[in-house]
Amino acid sequence: MSIDGLKQRVLAANLETVARGLVISTFGNASGIDRSEGRIVIKPSGVPYAEMTAEQMVTTTLDAVPLDNRMKPSSDLLTHAVLYRAFETIGAVIHTHSTYATIFAQAGRPIPVLGTTHADYFRGAIPVTRPLTVEEIETRYVEATGEVIVETFETLDPGEIPAALVHGHGPFVWGETPEAAVENAFLLEEIAKMAWHTLTLAPAKEPISDALLDRHYLRKHGAGATYGQ
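As a starting point, this report considers the structure included with it. Computed from a prediction, not measured in an experiment: that's the story for all the values here.

Glancing now at the sheet that holds strand β4 (residues 92-96). Strand order in this open sheet of six strands is β3-β2-β1-β4-β6-β5, and the pairing throughout is antiparallel. Strands with a single pairing partner mark the edges of an open sheet, and in this sheet they are β3 (58-61) and β5 (163-166). For this sheet, the mean inter-axis angle between neighbouring strands, taken without regard to orientation, is 20°. Where β4 meets strand β6 (residues 170-175), four bridges bridge the pair, whose relative direction is antiparallel. If you follow V93 over to β6, its bridge partner there is W174. Against the sheet, helix α2 (residues 77-86) touches β1 (28-34), β2 (39-42), β3, β4 and β6, its axis set at about 40° to β1.

What follows concerns the packing of aromatic side chains. Enumeration over the complete set of coordinates arrives at four aromatic pairs. Where F87 meets F153, the ring centres are 5.7 Å apart and the plane angle is 65°; that geometry is what we call edge-to-face. One end of the pair, F87, is in the loop between α2 and β4; the other, F153, is in the loop between α5 (134-152) and β5, and 66 residues separate them in sequence. With respect to burial, F87 and F153 carry one shared label: buried. Among the aromatic residues, ring-to-ring pairing joins F87, F153 and W174 into one connected group. Residue placement shows R20 over the ring face of F186; its charged tip is 4.8 Å from the ring centre.

Conventions we followed
- Residues numbered from 1 in each chain as written.
- Predicted model: local features only at pLDDT ≥ 70, side-chain atom pairs only at ≥ 80, totals over all residues.
- Heavy atoms only, no water.
- Pairing = 2+ DSSP bridges.
- Helix = DSSP H or I, 4+ residues; strand = E, 2+ residues; numbered from the N terminus.
- Axes fitted to C-alpha atoms, helices over the stretch in contact; angles between N-to-C directions.
- Contact = heavy atoms within 4.5 Å.
- Phe/Tyr/Trp six-rings, centres within 6.5 Å; stacked < 30°, edge-to-face > 60°.
- Buried < 20%, exposed > 50% of the residue type's maximum accessible area, 1.4 Å probe, protein only.
- Lys NZ or Arg CZ within 6 Å of the ring centre and 35° of its normal.

In structure tokens form, the structure reads like this:
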């Protein structure tokens, strides 16, 4: 795909996060990557979504160096770049401050697998990162945000759990394409909402069994998937 085509898809992903109620004001960003060219495309910083165009999407190197000076890239660019370098199979990253996922991030709590809706899409709890240190915040905050996500996934598969909660901040979500990343961001918010209400009604609720989790996840994912046509 051409860079112009990727810009169109990244613009559409950014607009879709707003349409689905995942982003208000300018609280969020979506990016995509052309792996063959080593180029990231990301939304410009602070531009209202209603005014955004594909031409305003900013192209950068994989090391987060902008390749033109027309617009400044999203302030979260370095976080996205860290994730692209670490998770080599992903094709898009989305950051939102969607309400329920952000509630869990602010509480410093992972989102447990309380039911099969969660298990259909995420093979495990949505992890929360450790808090950033004072040194990380003061010297390299945006890059360190990506690094704590990568650190959190040292023993997890980012393909099976394509989301993380940054402690005290909010969710970052990814996917193979910009469209898949939007869908994962939407699903994350829905399962966070379900979990929040479930834990309000039944605070001692335990996660479902690993057997039930795998039964639902694997019917939609993997070589033996049976869901769909």
